[in-house]
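Tertiary structure, described
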Amino acid sequence: YISSGDFPVWERADAGWIGRAENLARAAAEGPERAWAEIATKVGEKKTTGAGRVINGRKQIVILGGGSGGIVAATKLGRELGARHDVILIDRRPDHVFMPAFLFLMVGQRRPEDITRKLRKLERRNVKVLQSEILGIDPARQEVVLHDTAVPYDYLIVSLGMQTVPELIPGFKE
């Protein structure tokens, strides 16, 4: 069991992970379309073990984090695989805030509602959105542990990004 405070995940990764990561890195070097094709191919050929839960031939692709990386992954996978597989995005917040636009917000060229979007809009792209605090990941059971439940996965994308704490910067709130 890995909690959000533990990061020796690398030590627990199976030996095949490195080979898959190298294949994906090579595909990414050839361009984003090749990288997504590599992911789609792997989802299509994965054999589910007892830990995975394939329902009606559908695999669970779970994305942790509703920041820019999670949104891009969810949108792309939802469009390409959402009709055949379950794409689930989990974030503790109901909204995505486009952080690079903070500069425009600070100088008055944007309003907060201009740089914020509801994560629920992803449902139009075949993505199920769950709003919950992520307590941990259980790789042995292939589950993401949430506050009130556990979500099984066949594939997991961790894109939790950074956490902003503006109150620690003197004068930022003003």
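Check the entry above for the structure.
Residues numbered from 1 in each chain as written. Predicted model: local features only at pLDDT ≥ 70, side-chain atom pairs only at ≥ 80, totals over all residues. Heavy atoms only, no water.

Attention now moves to the overall build of the chain. The helix and strand tally for the chain stands at five helices and 10 strands. Each of the 174 residues in the chain was classed as buried or not, and the buried ones make up 32%. Counting only contacts in the chain whose residues sit at least 6 apart along the sequence, the fraction spanning at least 24 positions is 62%. Surface exposure of the chain reaches about 11,100 Å², of which carbon and sulfur atoms provide 56%. (Helix = DSSP H or I, 4+ residues; strand = E, 2+ residues; numbered from the N terminus. Buried < 20%, exposed > 50% of the residue type's maximum accessible area, 1.4 Å probe, protein only. Contact = heavy atoms within 4.5 Å. Areas by Shrake-Rupley, 256 points an atom, 1.4 Å probe, with all protein chains shown as cover.)

Bringing the environment of aspartate 114 into the picture now. Residue placement: aspartate 114 occurs in the loop between helix H5 (102–106) and strand E5 (116–118). The exposure class of aspartate 114 is partly exposed, given its relative accessible area of 31%.

On to unusual backbone geometry, then. Of note, the phi angle at asparagine 126 is positive, near 65°, even though the residue is not glycine. Position of asparagine 126 among the secondary structure elements: in the loop between E5 and strand E6 (127–131). Despite not being glycine, glutamine 142 shows a phi value in the positive range, around 55°. Structurally, glutamine 142 is set in the loop between strand E7 (134–138) and strand E8 (143–146).

Moving on, we get to the pairing of strand E3 (residues 86–91). Counting buried positions along E3 yields five of six residues, so the element is predominantly enclosed. Relative to E3, strand E2 (residues 60–64) is paired through five bridges, and the arrangement is parallel. Counted as the bridge partner of leucine 64 is isoleucine 90 from E3. In the classification by handedness, the crossover that spans E2, the intervening helix H4 (residues 68–81) and the parallel E3 is right-handed. (Pairing = 2+ DSSP bridges. Right-handed = clockwise from strand over helix to strand, strands pointing away.)

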